[in-house]
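These are the residues of each chain, in order.
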Amino acid sequence: MNIWVYIDHFKGVALPTSWEAIGAAKSLGATVTGLVLGSGVEALAQQAFEHGADVVFMSDDPALADFRPEVFSSTIAAADSSYPEAIFLPTSTRGREIAAMLAIDLNSGVLVDVTSVELAGDHLVVTRPIYSGKIFSKEVCSSRPQIVTLRGRAFPKPAPTTGKTGELKKISAKAEALTTVEGYTASEGGVSLTDAGVIVSGGRGVSNNPSLQPPAGLDEKAAEIWRAQQGFKLVGDLASVLGAAMGASRAAVDAGYIPYSHQVGQTGKVVSPDLYIACGISGAIQHLAGMRTSKVIVGINKDAEAPIFKVARYGVVGDLYAILPALTEAFKKKLGK
Amino acid sequence: MKIVACVKQVPDTAAKVAVENGKVTWGDAPLVINPWDEYAVEAALRMKEAQGGTVTAITIGSETAADALKHALAMGCDDAILINDPALSNVDTQAVARILAAAVKKIDAVDLVFFGREGVDGNSGLVASQAARLLGFASLTFASVVKFEGGTLRVERATEEGRQIVTSKPPAVLSIVKDYGDPRYPSFMGIRKASKATIPTWTLAELGIAAPVPIVSTVEILNPPAREVNCDIISGTPAEIADKLAEKILAEKVL
Ligand SMILES: Cc1cc2nc3c(=O)[nH]c(=O)nc-3n(C[C@H](O)[C@H](O)[C@H](O)COP(=O)(O)OP(=O)(O)OC[C@H]3O[C@@H](n4cnc5c(N)ncnc54)[C@H](O)[C@@H]3O)c2cc1C
Ligand SMILES: Nc1ncnc2c1ncn2[C@@H]1O[C@H](COP(=O)(O)O)[C@@H](O)[C@H]1O
């Protein structure tokens, strides 16, 4: 069986799920062809070999410097005269869109954002969470290639073998484009939520410290946001000791405490870290939808009845303003930081 | 400008969705317009308000799905079309995209088609790009800012790494994300107008296409395995709690 794996990257830095996808394909016993598209991506091709790709199709072309779905999809669709049994891609904004367009070009189907893949005879059976994880759906694709996008952190990442090589085949870019990329606004930096192994999140509770005295002259809303910033600083301090990404509830985002890109939940990001620490978050069903598959969940909340404790492995009933600084200190000591 | 907004009806996100007897159930929770599609309608309406033109809301669904169209009309869409056909009991995203693309062609000379980011039911997020590919339109997905100046669309796309700024000429497909800005509430006048509106129904025959054969199918749906969580409540002074909690987390080997 042959599986192509799209190596998703941003400016030459691969998303970890690209390697997880190679690992998933290998574990099915497949021969893996990595698809490396971009400009100045030779190092990425080498990394694909080291993570297990047997073959790499590489299109290294200035026309591919910026991601454009129509260009990337056409390039992959024209990569070879014969198609594999399956094409795996990370479930990223790019992976999803290439998958969608390839399905049209190759007249096949997409099994999107799967958390497990099994081989049943000659076809794949995948499991994917639907209704934001309230239900699991087992799905199959009747055409070939079976196009599958894999959820980040759902599959083990293979350990790279330094120096491993394979067959490198250069393919040409199909550059006819309908869009022009003008540039990027500064990214927010920090650890990306969906790739994070540890997430510390804050909710509406982060602004709830009446004893904090905001600077004079702030109106009520500004004072609330000022308080929230002090609370999120405590969340951020813990996150930085743990090398964690910072998340938030929708209530915190809607109240203007933190940008939407941090929102976890049904209408935010779906995350599945090894450790999720929810601070001042009640645990509404829409929030749980985005994080309930985390390995270990910790809830810190003043209210012993908060629903977050129904999914949490560890709970602290208390004021985050008292607990978080103590927890940050404790980790600093224990981790030797 | 001729603008189309694609909306779908889904169970309310607060519903307790579960599998019973092999079927998805959501108790007595209401069916609502897909929350993401409200952003699509909002973006479509703001484009119309800036450029002039019309916004047509379309949905593929049963007769009750017309309620999602009424919501779009109440927000301010000019008209709505329900695509309903007995042959459509089993569709995958590609079939939905093919039907929507056929409808856009039938409406004719459409400049912009707005989609939501994804359905909160199937969590696919495929239809917009698939429709763009079928129509040969530019695909501008995950748009958080949409501008149209001097005949050029300029969009900020929310990606993992930050915002990508992309331009294109119409015709184009756009999918809208939450930081575009809050969708408006239907006005009282809008609700009255929508309740009186007659919504035409199109069948596949009227679209001139056969029922697309689904390529992706579901073999089984399951309730997620029950998570055995017994919350270990840690008590003491803040320093004691912090010490105990940090020890327990370190023992979990998740750091
Ligand atoms: C269509 C739809 C989509 C949605 N999507 C999302 C989504 O993607 N993500 C999401 O998060 N929500 C989502 N929601 C909103 C969700 O229903 C909740 O309103 C939201 O999650 C609540 O956020 P919160 O827990 O921060 O706030 P609250 O529910 O107000 O909880 C605040 C918590 O903080 C605790 N607290 C207060 N002060 C302190 C303190 N000093 N120390 C410790 N604890 C304290 C309180 O006891 C309380 O439990 C959605 C809702 C709808 C209708
Ligand atoms: N049945 C439908 N009728 C109209 N639009 C739809 C339908 N299904 C999906 N869409 C549109 O496609 C978007 C993405 O849906 P999906 O790819 O199914 O997650 C939605 O937000 C809608 O804008």
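For clarity, every value in this text was computed on a predicted model and none was experimentally measured.

Thoughts on the interface of chain B and chain A
For an interface, size is often stated in terms of accessible area lost upon the parts coming together.
Okay, so step 1: With 80 residues of chain B in contact, the opposing surface of chain A contributes 88 residues.
Okay, so step 2: Note on chain B versus chain A: buried area summed over both sides is about 7100 Å², and carbon and sulfur give 60% of it.
Okay, so step 3: For the interface between chain B and chain A, the tally reads 9 salt bridges.
Okay, so step 4: For the interface between chain B and chain A, the tally reads 42 residue pairs in polar contact (both at pLDDT 80 or more).

Examining the site of ligand 2
Residues and elements named next belong to chain B.
Okay, so step 1: Lining the immediate surroundings of ligand 2 are 18 residues, of which Cys6, Asp37, Gly119, Gly125 and Leu126 lie closest.
Okay, so step 2: Contact between ligand 2 and Cys6: an oxygen atom at 2.7 Å from a main-chain N or O atom of the residue.
Okay, so step 3: A distance of 2.8 Å separates an oxygen atom of ligand 2 from a polar backbone atom of Leu126.
Okay, so step 4: Compared with its free state, where it exposes 480 Å², ligand 2 has 96% of that area covered by protein.

What about the pattern of salt bridges?
Residue and element names in this part refer to chain A.
Okay, so step 1: Here the structure, examined in full by the defined rule, presents 29 salt bridges over all chains.
Okay, so step 2: Here Lys332 and Glu329 are joined by a salt bridge, their closest N and O atoms 3.6 Å apart. Placement of both Lys332 and Glu329 in helix H9 (residues 320–334) is noted, with a separation of 3 residues, approximately one turn of the helix.
Okay, so step 3: On the basis of relative accessibility, which here comes to 39%, the residue Glu329 falls in the partly exposed class.

Some points on the site of ligand 1
Okay, so step 1: Taken together, the neighbourhood of ligand 1 is formed by 26 residues, with Arg204, Ser249, Thr267, Ser282 and Gln286 of chain A sitting nearest.
Okay, so step 2: Taken together, the residues near ligand 1 originate from chains A and B.
Okay, so step 3: For ligand 1, an oxygen atom lies 3.0 Å from a polar atom in the backbone of Gln266 of chain A.
Okay, so step 4: Measuring from an oxygen atom of ligand 1, one finds a side-chain N or O atom of His287 of chain A at 2.8 Å.
Okay, so step 5: Burial of ligand 1 by the surrounding chains reaches 80%, relative to a free accessible area of 990 Å².
Okay, so step 6: Counting residues per element, the ones that place at least two in the shell around ligand 1 are helix H6 (250–254) and helix H7 (285–288) of chain A.
Okay, so step 7: Class assignment for the residues of the shell around ligand 1 results in 5 nonpolar, 16 polar and 5 charged.

Observations concerning the pairing of strand E17 (residues 296–301) of chain A
Residues and elements named next belong to chain A.
Okay, so step 1: Counting buried residues in E17 gives 6 out of 6 residues, a clear majority hidden from the surface.
Okay, so step 2: Side-chain alternation along E17 places Val296, Val298 and Ile300 on one buried face and Ile297, Gly299 and Asn301 on a second face that is also buried.
Okay, so step 3: Relative to E17, strand E16 (residues 275–279) runs parallel, the two being bridged by 5 bridges. Among the inter-strand pairings, Cys279 is bridged to a residue of E17, identified as Ile300.
Okay, so step 4: Relative to strand E18 (residues 314–317), E17 runs parallel, the two sharing 4 bridges. Paired with Ile300 across the strands is Val316, a residue of E18.

What about helix H2 (residues 66–75) of chain B?
Residues and elements named next belong to chain B.
Okay, so step 1: For H2, the tally of buried residues reaches 7 of 10 residues, placing the bulk of the element in the interior.
Okay, so step 2: Within the sequence span of H2, burial applies to Ala66, Ala68, Leu69, Ala72, Leu73, Ala74 and Met75.
Okay, so step 3: Of the surrounding secondary structure, the elements contacted by the buried residues of H2 are strand E2 (9–11), strand E5 (31–33), helix H1 (35–51), strand E6 (54–60), strand E7 (79–83) and helix H5 (188–196).
Okay, so step 4: Downstream of H2 by one or two residues, Gly76 has phi in the positive range, about 135 degrees.

Looking at helix H1 (residues 16–27) of chain A
Residues and elements named next belong to chain A.
Okay, so step 1: Along its 12 residues, H1 runs 17 Å from first to last C-alpha, staying within 8% of the 16 Å computed at 1.5 Å per residue.
Okay, so step 2: In terms of residue burial, H1 counts as a mostly covered element, since 9 of its 12 residues are buried.
Okay, so step 3: For H1, the full list of buried residues reads Thr17, Ser18, Trp19, Glu20, Ala21, Ile22, Gly23, Ala24 and Ala25.
Okay, so step 4: Buried-residue contacts for H1 involve strand E1 (2–6), strand E3 (13–14), strand E4 (31–38), helix H2 (42–50), strand E6 (86–90) and strand E11 (146–150).
Okay, so step 5: Phi for Gly29, located one or two positions after H1, is positive at around 85 degrees.

Criteria and cut-off values
Residues numbered from 1 in each chain as written. Chains lettered and ligands numbered in written order. Predicted model: local features only at pLDDT ≥ 70, side-chain atom pairs only at ≥ 80, totals over all residues. Heavy atoms only, no water. Contact = heavy atoms within 4.5 Å. Buried area = accessible area lost by both parts, 1.4 Å probe. Salt bridge = Lys/Arg side-chain N within 4 Å of Asp/Glu carboxyl O. Polar contact = N/O pair within 3.5 Å; in protein donor to acceptor, adjacent residues only side chain to side chain. Near = heavy atom within 4 Å. Areas by Shrake-Rupley, 256 points an atom, 1.4 Å probe, with all protein chains shown as cover. Helix = DSSP H or I, 4+ residues; strand = E, 2+ residues; numbered from the N terminus. Buried < 20%, exposed > 50% of the residue type's maximum accessible area, 1.4 Å probe, protein only. Nonpolar A, V, L, I, M, F, W, Y, C, P; charged D, E, K, R; others polar. Pairing = 2+ DSSP bridges. Expected span 1.5 Å × (residues − 1).

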